[in-house]
Amino acid sequence: MIKTFQALSGLLLLLGAAVAYATPEEDRLRLVIYFKTRYPDVKPENYNYGALAFDPDSKAQYDAIMEFPPFVEEIEKGRKLWKTPFRNGKTYAECLPSGGRMIAGNYPMFDEAKGKVVTLEDVINICRVANGDEAYKLDDMKTMGLLTSYVRTLSDGMKMNIRVDGPAALKAYEDGKQTFFARKGQLNVSCANCHIDHALDHLRSELLSPVTGQATHWPVFRGGDTLVTLQKRYVGCFNSVRQVSDQEGSPRMNNLEYFHSYLSNGLEMKSSVFRK
Amino acid sequence: MLNNSVLIGALLMVLATTSGFADQARKEESGKEIVLDRNKGNCLACHGMPGVPEAEQTGTAGPPLIAMQARFPDRQVLRAKVWDPTVSNPATFMPPFGKHGVLTEKEIDKVVDFIYGL
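Residues numbered from 1 in each chain as written. Chains lettered and ligands numbered in written order. Predicted model: local features only at pLDDT ≥ 70, side-chain atom pairs only at ≥ 80, totals over all residues.

> Any chance you could explain the overall build of chain A here in plain terms?
Helices and strands together make up the secondary structure of chain A, namely 11 helices and seven strands. At 20 Å, chain A has a C-alpha radius of gyration in line with the 19 Å of a compact globule built from 276 residues. Principal axes of the C-alpha set define a box for chain A whose edges measure 75 × 50 × 35 Å. Relative to its 276 residues, chain A shows a buried fraction of 38%. Pairs at least 24 residues apart make up 72% of the contacts formed inside chain A by residues separated by at least 6 positions. (Helix = DSSP H or I, 4+ residues; strand = E, 2+ residues; numbered from the N terminus. Rg over C-alpha atoms; globule rule 2.2 N^0.38 Å. Buried ≥ 20, exposed ≤ 12 C-beta atoms within 10 Å, placed from the backbone. Contact = placed C-beta atoms within 7 Å.)

The structure is reproduced here in structure tokens:
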């Protein structure tokens, strides 16, 4: 009798866990369906354009600017940083997998050996340190920002391909999900409030972008000249809701980027792009 | 002579201080100004106000503020909503203006006075 009861409660616990935790793939698909149902005219493969996919006027403006982007010289500075060898004469291309080409969609990646999420920026710094150079500061747009504005162009056309394998990776994913859904700051607003619940509502004249596709096109040049990396954008969001932000590259920020990027899986990447 | 200048100086300081206070009093924002102020109420971020000509390019995340007395026969219900909207709607997008100290109690009174007239 007692054994049956234990077995039964064990089963119930298992069921409870199954109900409480959707898999990452279920999370992703549920959101695609959510946006597809509300906006049947917009093709899901265009979600990588963010709010632009839902606003033809802004998309036309974007297309016109992207024909001759005002920030090509900035990306060229990034290319020079990429070509500059480390102190020991080796290069980024020698250090990064596949010479740094078509890899951005694999990051953030859960590094089993380190037991934590590493971003593409982290991997670049790991290369620098391993070759005798100092790590760049993640929030320094003149070094890491410019460098990634070029490095990420090497993965244009790659599809986002974030993997969550094993319990430790899943824990990091769930932590990022928690950050995304938790209300924050004096204004008591979560990432999900704006980018799921109220995605494609206007705040004044600004269209709130849907979460699906958001992670595919960084860094951006806002207004055509201000370079903003994805985690710098997170800092901006925290500031907007009046929440003291974590440092870029903190475990919380990296786990957030991990969860956030997973939701864009399968969507084509494009860097570096114009945003208003 | 020295005493006189000290006295005059003190008098000037007092005047400066009091007129400073007067300036502050004059600058105190009205309910409408708090409503429109991006760093205070910032109501237009989400709410349209069809009856207010200055309310241009308003947001769509919240319901338009119109016919407020008909929708909130009890003014206190409206005030409570501004103070902490999560009480009546846990899923709300609206910040708890009173509970989180975004606005002072006095500012909330002014805001409610203004929007209750819409």
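> When you look at the overall build of chain B in this model, what are you seeing that I'm missing?
Regarding its fold elements, chain B presents five helices and zero strands. Beginning at the N terminus, the succession of helices and strands in chain B can be written as α-α-α-α-α. In chain B, buried positions account for 24% of the 118 residues. For chain B, contacts bridging at least 24 residues in sequence account for 43% of all contacts bridging at least 6.

> Explanation requested: the sheet that holds strand β7 (residues 273-275) of chain A in the structure shown.
Within a sheet, adjacent strands bond to each other through the backbone by hydrogen bonds, running parallel or antiparallel. All names here are of chain A. Taking strand neighbours across the sheet as the criterion, the three strands line up as β6-β5-β7 in an open arrangement whose pairing is mixed. Each edge of the open sheet is held by one strand with a lone partner, namely β6 (226-228) and β7. The sheet shows a mean angle of 35 degrees between the axes of neighbouring strands, direction not considered. (Pairing = 2+ DSSP bridges. Axes fitted to C-alpha atoms, helices over the stretch in contact; angles between N-to-C directions.)

> Help me out: how do you make sense of the interface of chain A and chain B in this one?
When the parts of a complex come together, some accessible area is lost, and that lost area is often used as the size of the interface. Each partner contributes to the interface: chain A provides 12 residues, whereas chain B provides 13 residues. At the level of elements, α9 (191-197) and β3 (202-203) of chain A are the ones that each hand at least two residues to the side of chain A that touches chain B. Each residue belonging to the side of chain A that touches chain B can be placed in one class, and the counts come to three nonpolar, six polar and three charged. (Nonpolar A, V, L, I, M, F, W, Y, C, P; charged D, E, K, R; others polar.)

> I tried to follow the packing of helix α8 (residues 167-181) of chain A against helix α11 (residues 251-262) of chain A on my own but got confused; where do I start?
Angle between the axes and distance between the axes are the two parameters that describe a pair of packed helices. Residue and element names in this part refer to chain A. One way to put it is that α8 packs onto α11 with a least axis distance of 7 Å and a crossing angle of 90 degrees. Overall, the two elements α8 and α11 adopt an arrangement that is roughly perpendicular. In this structure, α8 uses A172, Y173, D175, G176, K177, T179 and F180 to contact α11, whose residues at the interface are R252, N255, L256, Y258, F259, H260 and Y262. Its residues placed into classes, the contact of α8 with α11 shows seven nonpolar, four polar and three charged. (Parallel < 35°, antiparallel > 145°, perpendicular 65-115°, else oblique.)

> Explain unusual backbone geometry here, please?
Only a minority of non-glycine residues have a phi that is not negative, and only a minority of peptide bonds are not trans. Residues and elements named next belong to chain A. The omega torsion of the bond from Y107 to P108 falls at 0 degrees, within 30 degrees of zero and hence cis. Each neighbour pair has its own omega, and for S271 with S272 the value is -20 degrees, a cis peptide bond. Among the secondary structure elements, S272 is positioned in the loop between α11 and β7. Of note, the phi angle at L200 is positive, near 70 degrees, even though the residue is not glycine. Note that L200 resides in the loop between α9 and β3.

> Explain helix α6 (residues 120-130) of chain A to me, please; I cannot follow it from the model alone.
Since the α-helix packs 3.6 residues into each turn, any two residues three or four apart lie on the same face. All names here are of chain A. Burial analysis of α6 places eight of its 11 residues in the buried class, which makes it a mostly covered element. For α6, the set of buried residues is L120, E121, D122, V123, I124, N125, C127 and R128. In the core, the buried residues of α6 are packed alongside α5 (92-95), β2 (116-118) and α7 (141-151). One or two residues past the end of α6 sits G132, with phi positive at roughly 90 degrees.

> What is the right way to look at the nonpolar core in this model?
Soluble globular proteins tend to pack their nonpolar side chains together in the buried interior. I124(A), L147(A), V164(A), A172(A), Y173(A), Y258(A) and Y262(A) are the most contacted members of the largest nonpolar core, which totals 57 residues. Leave out the neighbours within four places in its chain, and I124(A) touches Y92(A), L147(A) and V151(A). C43(B), L44(B), F97(B) and V112(B) belong to the second largest nonpolar core, which has 14 residues in total. (Core = buried A, V, L, I, M, F, W, Y, C linked by C-beta atoms within 7 Å.)

> Please clarify how the environment of Y107(A) should be interpreted in this entry.
One can find Y107(A) in the loop between α5 and β1 (109-111). Between the alpha carbons of Y107(A) and V129(A) there is a distance of 19 Å; along the sequence they are 22 residues apart.

> Explain the environment of R163(A) here, please?
All names here are of chain A. One can find R163 in the loop between α7 and α8. When the 12 C-beta atoms within 10 Å are taken as the criterion, R163 is described as exposed. Sequence separation between R163 and E257 is 94 residues, and the spatial gap between their C-alpha atoms is 13 Å.

> Even after reading the chapter, I still don't get the environment of K159(A), so can you show me in this structure?
Residues and elements named next belong to chain A. Secondary-structure assignment places K159 in the loop between α7 and α8. Spatially, the C-alpha atom of K159 lies 25 Å from that of G224, the residues being 65 residues apart in sequence. Residues contacting K159, with those up to four places away along its chain left out, are G105, G266, L267 and E268.

> Sorry, what's going on with the packing of helix α4 (residues 75-83) of chain B against helix α5 (residues 105-116) of chain B here?
Residues and elements named next belong to chain B. Direction vectors running N to C along α4 and α5 enclose 125 degrees, while the axes themselves pass 10 Å from each other. The orientation of α4 relative to α5 falls into the category oblique. The handedness of the crossing between α4 and α5 is right-handed. Where α4 abuts α5, its residues R75, L78, R79, V82 and W83 lie against I108, V111, V112 and Y116. Among the residues forming the contact of α4 with α5, the class breakdown is seven nonpolar, no polar and two charged. (Left-handed = near helix turned anticlockwise from the far one by under 90°.)

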